[in-house]
Amino acid sequence: MTVFYSGRVQGVGFRYNAKAVATGFEVTGTVRNLNDGRVELVAEGDRAELEAFLAAIRDSGLTGFIRDEQVLWDEAKNDKRGFEIVV
């Protein structure tokens, strides 16, 4: 799954919060800032676990910063270990 978040999502701790939320779920992936001001989150895992992870991100206090959330579902590549912030 790839999620693009837009709004005021850079400079507010979004990536660090997403990584912290990920520790409570059986997901692997990355989160990074994009040059256009959005944040890209790429995560793999069971679909139900990924949906719960997305809901937890929304419930983590960041909703006020998110203007739009674009979720794209795709087959897992199984090339990730853990959940990392890409700088």
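Residues numbered from 1 in each chain as written. Predicted model: local features only at pLDDT ≥ 70, side-chain atom pairs only at ≥ 80, totals over all residues. Heavy atoms only, no water.

Asks: Tell me about the environment of Arg8, residues and numbers included.
Replies: Structurally, the position occupied by Arg8 is in the loop between strand E1 (2-7) and helix H1 (14-22). Take Arg8: its relative accessible area is 54%, and that puts it in the exposed class. (Helix = DSSP H or I, 4+ residues; strand = E, 2+ residues; numbered from the N terminus. Buried < 20%, exposed > 50% of the residue type's maximum accessible area, 1.4 Å probe, protein only.)

Asks: Describe the packing of H1 against helix H2 (residues 47-62), and please don't skip the residues or the numbers.
Replies: Orientation of H1 relative to H2, taken along the N-to-C sense of each, is 130°, at an axis distance of 10 Å. As judged from the angle between their axes, H1 and H2 are oblique. For H1 against H2, the interelement crossing comes out right-handed. Across from Phe14, Asn17, Ala18, Val21 and Ala22 in H1, the residues of H2 making contact are Phe53, Ala56, Ile57, Ser60 and Leu62. For the contact of H1 with H2, the per-class residue count stands at 8 nonpolar, 2 polar and no charged. (Axes fitted to C-alpha atoms, helices over the stretch in contact; angles between N-to-C directions. Parallel < 35°, antiparallel > 145°, perpendicular 65-115°, else oblique. Left-handed = near helix turned anticlockwise from the far one by under 90°. Contact = heavy atoms within 4.5 Å. Nonpolar A, V, L, I, M, F, W, Y, C, P; charged D, E, K, R; others polar.)

Asks: Account for the environment of Val3, naming residues and giving values.
Replies: By the element assignment, Val3 lies in strand E1. For Val3, a relative accessible area of 0% corresponds to the buried category. In this structure, the C-alpha to C-alpha distance between Val3 and Asp74, residues 71 residues apart in sequence, is 11 Å. Each residue touching Val3, except ones within four places of it in the same chain, is listed here: Val39, Glu40, Leu41, Leu54, Glu69, Gln70 and Val71.

Asks: Any details on the sheet that holds E1? Residues and values, ideally.
Replies: Strand order across the open sheet formed by 5 strands is E4-E1-E3-E2-E5, with mixed pairing between neighbours. Looking along the sheet, the strands with just one partner apiece sit at the ends: strand E4 (66-72) and strand E5 (83-86). Taken over all neighbouring pairs, the strand axes of this sheet differ in orientation by 15° on average, direction set aside. Pairing of E1 with E4, which is carried by 6 bridges, proceeds in the antiparallel orientation. Residue pairing across strands places Val3 opposite Val71, the latter belonging to E4. (Pairing = 2+ DSSP bridges.)

Asks: Can you lay out the side chain of Glu44 for me, pointing to particular residues and giving the numbers?
Replies: Summarising the element assignment, Glu44 is placed in strand E3 (residues 39-44). No salt bridge is formed by the buried Glu44; its nearest oppositely charged neighbour, Lys80, is found at 4.6 Å. Ignoring any residue separated from it by four or fewer positions in sequence, one finds Glu44 in contact with Glu26, Val27, Thr28, Leu50, Ala76, Lys77, Asn78 and Asp79. (Lys, Arg positive; Asp, Glu negative; His and termini not counted. Salt bridge = Lys/Arg side-chain N within 4 Å of Asp/Glu carboxyl O.)

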